[in-house]
Amino acid sequence: MRNELAKFSVSPPCVTALGVVAPPPIQVESDTFSGPLALLFEFVRDRRVNLLDIPLAPVCESYFLYLLSSDRSNLDESAAALVALAYLIERKAWAMLPAPEEEPIEVEEGAALGEGCIGDYQFAIAALTEFEAERLKLFFRPEGAFPSIPPEIINHEIDHLAAAFAAILGRAEPSPFETVHRARRSLASMMKSVLDAISHEYRSLEQIIPAPFTREDAVYWFLAILELIRLGSARLRLDDGNVHFARAAA
Amino acid sequence: MNLADELEAVLFAADAPASLEILAAALNYSEGQIAQGLEVLEARLEAKGGLQLVQIGGGYQLSTKPEYADSVARFLKPRPQRLSRSQLEVLAIVAYKQPVTLAEVDTIRGVQSDYGLRLLVERQLIEEVGRKMTPGRPLLYGTTDRFLHQFKLNSLEQLPPLTEDGKADLGKFNVL
């Protein structure tokens, strides 16, 4: 039965005007298409027939029969037929895959709430304005009213910290004039330097900062070590009125 | 030491709304006991004093009473930060239709809203809440707890409902 649907006839190779070898004249017969393989190829490529309506198995069988009976020298023609068949099989395989389900159109819950234009929101805007005015009459304790200062800093007198800072500033050398073109340094990089410089042994700022250093260096070192204390990476203690710093235990 | 006094002390020190759950965990009482204590405290503050208990932003917080607003304002000299009309429009759309995309806000307003949206994000009144599963996966925006606080709301359910003709039922709104 299938062989009746696809037949071939052996004939000399057909070369198109563009110099391309056409597939052999394998005849395809079905309810929706009747004609040679090359024509079917064109119709499928141009979406003029529904490939799902055309059985390809008889076409393949005819192709095998063609191969068995044709001259071995017609390799170009055989290859052309194979390419055409492969194309049809691939297209049909894709066509047979289940079509992806169309995504349901989402009906948003707020759709009924007048999404048409801003005019629908006029009363809401008026209400929000009223609420905002009411709220402005209330005063709350501001957020962040209690900053998280480490108890170490609170417990030590600020004067001692100021004295330590003044001491290193007193020893600092003036900044060189060519600092205009110097690359900006960040507190983060300074904190890393300080962290490398301090150890678990408590030492004074003067012992920690490598000499010689400028006033700017002193400020950076002092700020960096304060930040490290705030983050819990460094600790300080008071020894005989002098502040000493050390790396915090891991 | 009674619970109402304890709650008053905690809420006086708190710089953000405290929920029943947090208060219960902090003071080692049940949420029911905390709710009762808050009722007692609210009545007491209402009867006298310059403070009141406010249910706002999903929790409880102490605030000054509105009748003393002028005095407090003269002392604190707060910088007025009222929202502009266009910002209010964007905010209202986001509040009622959240999660919503910028394109949807643009469609409703009929004008571009990216600037207003960005300002509201900077003021932490709205925030990105995800992406819409449509081509391009646009960002979705929703309101924040700060929005509730700034507009004296305890939850989004307290937004005045929009009826079919677009009118807001302001009468149903109550803070406490």
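Everything numeric in this text was worked out from a predicted model, so none of it was measured.

Chemist: Teacher, can you tell me more about the overall build of chain B here?
Modeler: Summing up its helical and strand segments, chain B has 8 helices and 5 strands in all. Traced from its N-terminal end to its C-terminal end, chain B shows the element sequence α-α-α-β-β-α-α-β-α-α-β-β-α. Taking all 176 residues of chain B together, the buried fraction comes to 43%. By sequence separation, contacts in chain B at least 24 residues apart represent 45% of the contacts at least 6 residues apart. Here chain B displays about 9800 Å² of accessible surface, and carbon together with sulfur accounts for 52% of that area.

Chemist: Quick question: what am I supposed to make of the interface of chain B and chain A here?
Modeler: Bring the parts together and some accessible area is lost; that lost area is often taken as the interface size. Across the contact, 49 residues belong to chain B and 35 residues belong to chain A. When residues of chain B are sorted by the area they lose upon contact with chain A, Asp15(B), Arg82(B) and Lys97(B) head the list and together hold 16% of the total. Linking chain B with chain A are 2 salt bridges, by the criterion used here. At the level of secondary structure, the elements contributing two or more residues to the side of chain B that touches chain A comprise α1 (3-13), β1 (51-56), β2 (59-64), α4 (69-76), α5 (85-97), α6 (102-109) and α8 (145-150) of chain B.

Chemist: What's the story with the side chain of Thr143(B) in this structure? I'm lost.
Modeler: Its place among the elements puts Thr143(B) in strand β5 (residues 139-143). Among all residues touching Thr143(B), those that are not within four sequence positions of it are Val94(B), Ala95(B), Gln98(B), Leu125(B), Ile126(B), Glu127(B) and Leu156(B).

Chemist: Explain the layout of surface pockets to me, please; I cannot follow it from the model alone.
Modeler: Unfilled space is identified by rolling a water-sized probe across the atoms. Computed from the structure, the largest pocket encloses a volume of approximately 1100 Å³. Elements with a contribution of two residues or more to the lining of the largest pocket: α5 (122-135) of chain A together with α4 and α8 of chain B. Considering only residue class, the lining of the largest pocket consists of 12 nonpolar, 5 polar and 11 charged. Counting residues domain by domain, the lining of the largest pocket receives three or more from each of domain 1 (3-76) and domain 2 (85-172) of chain B.

Chemist: Looking at this structure, how should I read the confidence of the model for chain B?
Modeler: Caution is warranted with low-pLDDT regions, since their predicted coordinates should not be read in detail. On average, chain B scores 86 in pLDDT, and the residues at 70 or more come to 91%. A low-confidence stretch, residues 168-176 of chain B (pLDDT under 50), is modelled with 22 contacts involving residues beyond four sequence positions or located in other chains.

Chemist: Which parts of the structure should I look at to understand the nonpolar core?
Modeler: Note on soluble globular proteins: their nonpolar side chains tend to be buried together. Tyr121(A), Leu128(A), Leu91(B), Val94(B), Phe147(B) and Phe151(B) are the most contacted members of the largest nonpolar core, which has 30 residues in total. Mapped onto this core, the elements with two or more residues apiece are α5 of chain A together with α5, α6, α7 (114-122) and α8 of chain B. A per-element tally of this core places α5(B) first, with 8 residues.

Chemist: Can you help me understand the pattern of salt bridges in this one?
Modeler: Charged atoms that come close allow side chains of opposite charge to pair. Residues and elements named next belong to chain B. In the structure shown here, the tally under the stated rule is 11 salt bridges over all chains. One salt bridge connects arginine 85 with glutamate 89, and the closest N-O pair in it is separated by 3.5 Å. Of this pair, arginine 85 and glutamate 89 both sit in helix α5, 4 residues apart, which is roughly one turn of the helix. Taking relative accessible area as the criterion, glutamate 89 reaches 12% and is therefore assigned buried. Taken together, the shared-partner salt bridges in this structure form one network comprising Asp5, Glu8 and Arg44.

Chemist: So what exactly am I meant to see when it comes to the packing of aromatic side chains here?
Modeler: How two aromatic rings sit relative to each other is set out by the distance from centre to centre and by the angle between their planes. Within this structure, the stated rule accounts for 5 aromatic pairs over all chains. Between Tyr121(A) and Tyr96(B), the ring centres sit 6.3 Å apart and the planes meet at 75 degrees, which makes this aromatic pair edge-to-face. With Tyr121(A) in the loop between α4 (75-96) and α5 and Tyr96(B) in helix α5, this pair bridges two chains. Each member of the pair Tyr121(A) and Tyr96(B) is classed as buried. Plain terms: the ring middles of Phe147(B) and Phe151(B) are 5.2 Å apart, the flat faces sit at 40 degrees to each other, and that makes the pair tilted. Comparing Phe147(B) with Phe151(B) shows no difference in burial state: the two are buried. In this arrangement the basic side chain of Arg141(A) is found over the ring face of Phe12(B), its NZ or CZ atom lying 4.5 Å from the centre.

Thresholds, definitions, all that
Residues numbered from 1 in each chain as written. Chains lettered and ligands numbered in written order. Predicted model: local features only at pLDDT ≥ 70, side-chain atom pairs only at ≥ 80, totals over all residues. Heavy atoms only, no water. Helix = DSSP H or I, 4+ residues; strand = E, 2+ residues; numbered from the N terminus. Buried < 20%, exposed > 50% of the residue type's maximum accessible area, 1.4 Å probe, protein only. Contact = heavy atoms within 4.5 Å. Areas by Shrake-Rupley, 256 points an atom, 1.4 Å probe, with all protein chains shown as cover. Buried area = accessible area lost by both parts, 1.4 Å probe. Salt bridge = Lys/Arg side-chain N within 4 Å of Asp/Glu carboxyl O. 1 Å grid on protein atoms, 1.4 Å probe; cavity = no way out; pocket = protein on both sides within 12 Å on 5 of 7 lines; lining within 4 Å. Points joined across faces, edges and corners; volume = space filled by probe spheres on them. Nonpolar A, V, L, I, M, F, W, Y, C, P; charged D, E, K, R; others polar. Domains from an automatic or database assignment. pLDDT = per-residue confidence, 0-100. Core = buried A, V, L, I, M, F, W, Y, C linked by side-chain atoms within 4.5 Å. Phe/Tyr/Trp six-rings, centres within 6.5 Å; stacked < 30°, edge-to-face > 60°. Lys NZ or Arg CZ within 6 Å of the ring centre and 35° of its normal.

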